[in-house]
Amino acid sequence: MQFSERWLRSLVNPPLATGELVHLLTMSGLEVETCVDVAPPFSGVLVGKVIDVEKHPGADRLSVCRVDTGAAAPLSIVCGAPNVAAGMKVPCALVGAKLPGEAPDKPFEIKIAKVRGVESRGMLCSARELGLSDDHSGLLALPDDAEVGRDFRDYYALDDKLITIKLTPNRADCLSLLGVAREVAALTRARLDPPPAPPVAAAIDATLAVSISDPAGCGRFTGRVIRNVDARAPTPAWMKQRLERAGQRSISALVDVTNYVMLELGRPLHVYDLDKLRGGIDVRFGRKGERLTLLNEQSVEVDHTVLCITDDSGPIGLAGAMGGESTKADFATRHVFLESAFFFPDAIAGRARRYNFASDAAFRFERGVDFDNNVAGIERATRLILDICGGEPGPAVDAVARLPERQPVMMRVARAHKVLGVAVPADEMADIFHRLGFPFAREGQGANEVFVVTPPSFRFDIEIEEDLIEEVARVHGFERIPAHPPLAPALMRSQAERERSLHAIRGQLAASDYCEVINYSFTDAAWEADFAANANPIRLLNPIASQLAVMRSTLVGSLVANVAYNVKRKLSRVRVFEIGRTYLRDTSVAEGDREVAGIRQSIRIGAIAYGPALEEQWGVKARRADFFDAKGDLETLLEPARARFAPGHHPAFHPGRTARVVLEGETIGWIGELHPRWQRKYELPSAPVLFELEAAPLMRLRLPQFAEVSKFPPLIRDLAVVLPESVPVQALLEAFERARTAAVREIGLFDIYRGAAVGDGQKSLAFRVVMQDTARTLTDGEADAAVARLTEVLVTKFGAKLRA
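Quick look at the structure, then. (Residues numbered from 1 in each chain as written. Predicted model: local features only at pLDDT ≥ 70, side-chain atom pairs only at ≥ 80, totals over all residues. Heavy atoms only, no water.)

A few points about the overall build of the protein chain
Part 1 of the reasoning: Scanning the protein chain from N- to C-terminus turns up 21 helices and 39 strands.
Part 2 of the reasoning: For 804 residues, the compact-globule estimate of 2.2 N^0.38 gives 28 Å, and the protein chain exceeds it by more than 25% at 42 Å.
Part 3 of the reasoning: In terms of overall dimensions, the protein chain has C-alpha extents of about 135 × 80 × 65 Å along its principal axes.
Part 4 of the reasoning: Counting over 804 residues, the protein chain shows a buried share of 48%.
Part 5 of the reasoning: Across the protein chain, contacts joining residues at least 24 apart in sequence account for 68% of those joining residues at least 6 apart.
Part 6 of the reasoning: Summing over all exposed atoms, the protein chain offers an accessible surface of approximately 41,000 Å²; the carbon and sulfur share of this is 52%. (Helix = DSSP H or I, 4+ residues; strand = E, 2+ residues; numbered from the N terminus. Rg over C-alpha atoms; globule rule 2.2 N^0.38 Å. Buried < 20%, exposed > 50% of the residue type's maximum accessible area, 1.4 Å probe, protein only. Contact = heavy atoms within 4.5 Å. Areas by Shrake-Rupley, 256 points an atom, 1.4 Å probe, with all protein chains shown as cover.)

This is the structure we're talking about:
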């Protein structure tokens, strides 16, 4: 919202300097983004009148002008502007005048000069030469009533400031000069002089029939017929100046009046050419197949969700957004119909963006426009049109269908004190509401006192108790509220030995050469179907994007997308991990402070490795990361716990290269190679390996237990057996664990052989058995007995044969 300080001070003029006023607005919640001069500094420029113009004797494109500046004798000035003419009034820089130069500290000084042999004693100025705009097509023409000899800065009101306010979406009431003036008056107790809008007496009986077929979209429609206007009448200089300083260009007198009233009162208006209307006006939602051409020459098709202004010919405008080309008022217009309507924000919001345009009217209506100033807006605009364009007004027609109900809002004084942290007296709160124009009633006394406030028609943002508390804080003054730094006892809390933090898990994964990523919890429904076989994911009511429409139940989709994104950018090696929440339907979950009924929100840990196992180097032959690389990283992460890896099926993983991760008899996650189907679908040159685990089991640690270190030498025996290919090694290790004696410290597989020497469908497994006692050196007989016991288990339970 941009406006001139002088325009604001014409409505409310507090005894504050510009800097103090700007600071006050900012501290009250209306952040002033910029406050700049209307024009750069210059001096020695007066209003001059060109008496006569003669051709320059030595140049075809130059003129010699005699200019009256109010001095005893006219000045002779050489001018090259194409629009210079006798009788026109222009800014005239006298000899010694200092105009804006290349830099603020280097002004351009006017001196007596000879131009092609003719002496010039000054300069006639364009808007660009005075720093008012970039227009240098000709001299800046002034109105005929400009006083000759008057200082141009004073005449053009250039000692003014342009203030730009950065408004939050809830403060639509301040999208007008009247709204800002109301704020200033409330903050400073200065007198508010609102623009006059007295009723204009009807000179004729002409009216236009108005109906509202859809009151859910339009609550009120006010209109007036004005006949015999002069659409070619020039816009007054004062109005053009205020519009330009508010960022609006002058178009025509009729359009300028509607823009002026919108900026002044916050009331968007529209003017129709009455002769182009077909029958009366009806406000309704569009119908399938209806089209109209807008003022920006854009042709749009409407439907049942788009509120339209219609006549007997169909839609003639998008309600609250933009009028139609077919009924616009132009310079040939003689009779007009002036519209002032209230449209509900929900009926306007998003419609202009849907058709890829923006308008000042839509910007205001979708945030909320005062529904009580329709008639005031019509009367103000009518008076301005009559003063500028003439005409004969008819009576104002005010059709009211349904207006918003302003529900009273209660504010407890005790609650306000608690929220603000300062005991603002109740009488001061009452004074604040009075200054803001909020009707209120007081109930109760003392600590139980309550204000019951009815929000005014121009404040759509007052809905809950905290809104009123905010108003009290703003007007009372944020700077008057003491800042009390929060005090809390500094407690040194130790990490329980049985717990491991997510931060420690992150550090461990980073140490294993993985980089952390953070992805949206929102995901693509196709990812859920592919990687989790989840046909019924938790859907979002209002997704931020169509491809982020559901809540994820697995991290796999996000990690695969991370790899695909980097591979498309020519990265050959990607290793990333994520720790984040997943969301699954679970009827056993009850509502709680951190829980949503029916949804289990578990934290999971996922990691993916793609490309070479190691960075390229000379010491190791390049190879791709495989299942066992990921398994090694996972086992490192699980330390000191030991997990078991069991066969299983998961929709995201390769059927033959997948395992369930089992810890203490519970499946805590999955590990494997990406399914070839998804590798092809997501355009990955090779398959990555990845794992996903529940975080909770990893955060539980076993307490360290004392184990004596033996000082006696160990005995080592190797045990090689031949077994069927179908017997898993894990089953053998679990059998060893149950049959081992106290002397057996470690059993590990160190070799697997398949070949002709063992036969088809067979494999040879070699285990190393390490035995050691803490009290003495074991004998060979004891070692052989321990190995014999292990061998017996393999032979009797699995049918193994010793290999010589």
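Some remarks on the state of the cysteines
Part 1 of the reasoning: All told, the structure shown has 0 disulfides when counted by the stated rule.
Part 2 of the reasoning: With no disulfide of its own, C65 lies 5.0 Å from the sulfur of C79, the closest cysteine sulfur.
Part 3 of the reasoning: Classification of C65 by relative accessible area gives buried; the value is 0%. (Disulfide = S-S within 2.5 Å.)

Things to note about the pairing of strand β4 (residues 63-68)
Part 1 of the reasoning: Both strand β3 (residues 43-55) and β4 contribute to a ladder of 6 bridges, which runs antiparallel. Residue pairing for β4: K49 is matched across the bridge by D68.
Part 2 of the reasoning: Across 5 bridges, β4 lies against strand β5 (residues 75-79) in antiparallel orientation. From the neighbouring strand, V64 faces β5, where its bridge partner is V78. (Pairing = 2+ DSSP bridges.)

Structural notes on helix α21 (residues 780-798)
One full turn of an α-helix is made of 3.6 residues, so residues set three or four places apart face in the same direction.
Part 1 of the reasoning: With 19 residues, α21 should cover 27 Å at 1.5 Å per step; its first-to-last C-alpha distance of 26 Å lies within 8% of that length.
Part 2 of the reasoning: Buried within α21 are the following residues: A783, A786, V787, L790, T791, V793, L794 and F798. All buried residues of α21 fall inside an arc of 150 degrees around its axis, so they share one side. Opposite the buried face of α21, at more than 90 degrees from it, the exposed residues are E792 and T796.
Part 3 of the reasoning: Those residues of α21 that are buried are in contact with β36 (715-724), α20 (729-739), β37 (744-753), β38 (762-771) and β39 (801-802). (Expected span 1.5 Å × (residues − 1). Arc of directions from axis to C-beta.)

Considerations on the packing of helix α11 (residues 413-420) against helix α13 (residues 465-476)
Part 1 of the reasoning: Viewed as axis vectors pointing N to C, α11 and α13 meet at an angle of 65 degrees, and their least axial separation amounts to 10 Å. Note on packing geometry: the crossing formed by α11 with α13 is right-handed. In this structure, α11 contributes R415, A416, V419 and L420 to the contact, and α13 contributes E465, E466, I469, V472 and A473. (Axes fitted to C-alpha atoms, helices over the stretch in contact; angles between N-to-C directions. Left-handed = near helix turned anticlockwise from the far one by under 90°.)

Some words on the side chain of D311
Part 1 of the reasoning: You can see D311 is positioned in strand β18 (residues 307-311).
Part 2 of the reasoning: Although buried, D311 forms no salt bridge, and the nearest oppositely charged side chain, R278, lies 6.3 Å from it.
Part 3 of the reasoning: At a separation of 2.9 Å, a polar atom in the side chain of D311 contacts the main-chain amide nitrogen of R278.
Part 4 of the reasoning: Apart from the residues within four sequence positions on either side, D311 is in contact with K276, L277, R278, G279, G280 and I316. (Lys, Arg positive; Asp, Glu negative; His and termini not counted. Salt bridge = Lys/Arg side-chain N within 4 Å of Asp/Glu carboxyl O. Polar contact = N/O pair within 3.5 Å; in protein donor to acceptor, adjacent residues only side chain to side chain.)

Quick notes on the environment of K328
Part 1 of the reasoning: Take K328: it is sitting in the loop between β20 (322-323) and β21 (336-343).
Part 2 of the reasoning: K328 sits in the partly exposed class, given a relative accessible area of 29%.
Part 3 of the reasoning: Sequence-distant contacts of K328, that is, excluding residues within four places in its chain, are made with D273, K276, L295 and T333.
Part 4 of the reasoning: Of the polar contacts made by the side chain of K328, one reaches the side chain of E325; its length is 3.2 Å.

Quick notes on the packing of aromatic side chains
Part 1 of the reasoning: Following the criterion strictly, the structure yields 20 aromatic pairs and no others.
Part 2 of the reasoning: Aromatic side chains W238 and Y260 sit 5.5 Å apart centroid to centroid with 85 degrees between the ring planes, which places their arrangement in the edge-to-face category. Separated by 22 residues along the polypeptide, W238 in helix α5 (residues 237-245) and Y260 in helix α6 (residues 253-265) bring together distant segments of the chain.
Part 3 of the reasoning: A relative accessible area of 41% means that W238 is categorised as partly exposed.
Part 4 of the reasoning: Y260 sits in the buried class, given a relative accessible area of 1%.
Part 5 of the reasoning: One aromatic cluster is present, formed by F42, F152, Y155 and Y156 through successive ring pairs. (Phe/Tyr/Trp six-rings, centres within 6.5 Å; stacked < 30°, edge-to-face > 60°.)

Focus: the sheet that holds strand β15 (residues 281-285)
Part 1 of the reasoning: The mixed open sheet is built from 5 strands, whose spatial order is β12-β15-β18-β19-β20. Two strands in the sheet have a free side with no partner beyond their single neighbour: β12 (210-212) and β20.

Focus on the environment of W670
Part 1 of the reasoning: Relative to the elements of secondary structure, W670 occurs in strand β34 (residues 666-674).
Part 2 of the reasoning: Contacts of W670, omitting those with residues within four sequence positions, involve G648, H649, H650, F653, T658, A659, R660, V661, L690, F691, E692 and L693.

Brief notes about the pairing of strand β13 (residues 218-227)
Part 1 of the reasoning: Of all 10 residues making up β13, 9 are buried, and the element is well covered by its neighbours.
Part 2 of the reasoning: Note that β13 and β21 share 8 bridges and pair antiparallel. Paired with R224 across the bridge in β21 is L338.
Part 3 of the reasoning: Of the strand pairs in this sheet, β13 and strand β23 (residues 397-400) are connected by 4 bridges, and their pairing is antiparallel. Paired with F221 across the two strands is A399, which belongs to β23.
Part 4 of the reasoning: Examined bridge by bridge, β13 and strand β22 (residues 392-393) share 2 bridges and lie antiparallel to one another. Bridge pairing in β22 links I226 to P393.

Concerning the pattern of salt bridges
Part 1 of the reasoning: Under the defined criterion, the tally for this structure stands at 54 salt bridges.
Part 2 of the reasoning: Between K328 and E325 there is a salt bridge, with its nearest N and O atoms 3.2 Å apart.
Part 3 of the reasoning: Judged by relative accessible area, E325 falls into the partly exposed class, the value being 27%.
Part 4 of the reasoning: Note that R768 is salt-bridged to D718, the shortest N-O span being 2.9 Å. In this pair, R768 is assigned in strand β38 and D718 in strand β36, connecting sequence segments 50 residues apart.
Part 5 of the reasoning: If you follow the salt bridges from partner to partner, you end up with R171, D173, E183, R459, D461, E471 and R474 in one network.

Thoughts on the sheet that holds strand β1 (residues 2-4)
Part 1 of the reasoning: With respect to topology, 3 strands assemble into an open sheet ordered β1-β11-β2, the strand pairing being antiparallel. Strand pairing shows two members of the sheet lacking a second neighbour, β1 and β2 (31-37), which therefore form its edges. For this sheet, the mean inter-axis angle between neighbouring strands, taken without regard to orientation, is 25 degrees.
Part 2 of the reasoning: Here 6 bridges tie β2 to strand β11 (residues 161-166), and the two strands are oriented antiparallel to one another. Bridge pairing links D37 to K161 in β11.

Description of the packing of helix α2 (residues 18-27) against helix α4 (residues 177-188)
The axes of two packed helices give the description: the angle between them and the distance between them.
Part 1 of the reasoning: Two numbers describe how α2 lies on α4: the axes approach to 11 Å, and their chain directions differ by 95 degrees. With respect to α4, the axis of α2 lies roughly perpendicular. Contact with α2, carried on its side by L21, L24 and L25, involves V180, V184, L187 and T188 of α4 and no other residues of that element. (Parallel < 35°, antiparallel > 145°, perpendicular 65-115°, else oblique.)

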